[in-house]
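Here are the chains, one letter per residue:
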Amino acid sequence: MVKEGDHSVTLDLLKQKMAEFAKERDWGQFHSPRNLLLALVGEVGELSEIFQWKGEVPKGLPDWKDEERVHLGEELSDVLLYLVQLSDVCGIDLGRAALRKVELNALKYPVSLSKLVSSKDQEVIANKTLVDNSDTSGTDGAESG
Ligand SMILES: Nc1ccn([C@H]2C[C@H](O)[C@@H](COP(=O)(O)OP(=O)(O)OP(=O)(O)O)O2)c(=O)n1
């Protein structure tokens, strides 16, 4: 049984456990990349429902009941477990890929740059991807720099 603060939980362990889970039930036949992606998206929907209509909630969720926290942990886990399985059947080493992405992010958004610009511009940089990908032409088009 996993105890609180147990640092032995790794992506590899989760990958092994989920592969075992699927094998024991002969569910590998259903775990195609597309099916796992759809299951993942479904769980993201369930995760979203927890926050739906609540308005903004403070970090740490100070006012949440224990059972709400447990539920949140379960939905976060479902998302992670499907993501781990999706990566596995696609032959992607998720840990390595994520670590590489962390390094790429650091190159793309250098600390030196964030210290040069105002906090308003930092917000713009942090949301740049969202703005770039948004379809709305009504944004104020604010640019950093
Ligand atoms: N074919 C399947 C079915 C389930 N799971 C695993 C991954 C998730 O961690 C969890 C998802 O189970 P459910 O589909 O029962 O979803 P919930 O646990 O969210 O239940 P519910 O949708 O009833 O709230 O079980 C899996 O790997 N492969």
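Residues numbered from 1 in each chain as written. Predicted model: local features only at pLDDT ≥ 70, side-chain atom pairs only at ≥ 80, totals over all residues.

Chemist: Describe the overall build of the protein chain, and please don't skip the residues or the numbers.
Modeler: Of the regular secondary structure elements, the protein chain holds seven helices and zero strands. Reading the secondary structure of the protein chain in the N-to-C direction produces α-α-α-α-α-α-α. Across the protein chain, every contact between residues at least 6 apart in sequence was considered, and the portion connecting residues at least 24 apart equals 71%. (Helix = DSSP H or I, 4+ residues; strand = E, 2+ residues; numbered from the N terminus. Contact = placed C-beta atoms within 7 Å.)

Chemist: Mind laying out the UniProt feature "domain: NTP pyrophosphohydrolase MazG-like" (unreviewed entry) in the protein chain, listing which residues take part and the relevant values?
Modeler: Here the UniProt-annotated "domain: NTP pyrophosphohydrolase MazG-like" (unreviewed entry) positions come out as residues 32–99. Regarding residues 32–99, the helix share stands at 72% and the strand share at 0%, and the terminal C-alpha atoms are separated by 25 Å. (UniProt positions renumbered as here; feature names shortened; annotations may be inferred.)

Chemist: Give a detailed account of the site of the ligand, specifying residues and quantitative values.
Modeler: Near the ligand, the surroundings consist of Met-18, Trp-27, Phe-30, Glu-46, Asp-78, Leu-81 and Tyr-82. Of the residues forming the shell around the ligand, the biggest block, three residues, is contributed by helix 3 (residues 66–89). Grouping the constituent residues of the shell around the ligand by class yields five nonpolar, no polar and two charged. (Near = placed C-beta within 6 Å. Nonpolar A, V, L, I, M, F, W, Y, C, P; charged D, E, K, R; others polar.)

Chemist: Tell me about the environment of Glu-46, and please be specific about residues and values.
Modeler: In this structure, Glu-46 sits in helix 2 (residues 33–51). Taking the C-alpha atoms as reference, Glu-46 lies 9.4 Å from Asp-78; in sequence the two are 32 residues apart.

Chemist: Please set out helix 3 residue by residue, giving values where relevant.
Modeler: Relative to the 34 Å expected for 24 residues at 1.5 Å per residue, helix 3 spans 35 Å between its end C-alpha atoms, a close match to the ideal helical length. If you check which residues of helix 3 are buried, you get Tyr-82, Val-84, Gln-85, Leu-86 and Asp-88. Each element contacted by the buried residues of helix 3 is listed here: helix 1 (11–24), helix 2 and helix 4 (94–108). Following helix 3 by one or two positions, Gly-91 adopts a phi angle in the positive range, close to 70°. (Expected span 1.5 Å × (residues − 1). Buried ≥ 20, exposed ≤ 12 C-beta atoms within 10 Å, placed from the backbone.)

Chemist: Mind laying out unusual backbone geometry, listing which residues take part and the relevant values?
Modeler: Note: most peptide bonds trans; most residues except glycine with negative phi. Its identity as a non-glycine residue notwithstanding, Asp-26 has a phi of 55°, on the positive side. The residue Asp-26 is located in the loop between helix 1 and helix 2 in this model. The phi torsion at Trp-53 lies on the positive side, around 70°, for a residue other than glycine. Of the residues examined, Trp-53 has 5 C-beta atoms within 10 Å and is grouped as exposed.

Chemist: I'd like a description of helix 2, backed by residues and values.
Modeler: With 19 residues, helix 2 should cover 27 Å at 1.5 Å per step; its first-to-last C-alpha distance of 28 Å lies within 8% of that length. Remark: Trp-53 follows helix 2 within two positions and exhibits a positive phi of approximately 70°.

Chemist: Could you give an account of the confidence of the model for the protein chain, naming the residues involved and the relevant values?
Modeler: Averaged over every residue, the pLDDT of the protein chain is 87; residues scoring 70 or more account for 81%. Long-range and interchain partners of residues 136–145, a stretch whose pLDDT sits below 50, account for seven contacts in this model, where long-range means more than four residues apart. Note on the complex model: pTM 0.83, ipTM 0.97. (pLDDT = per-residue confidence, 0-100.)

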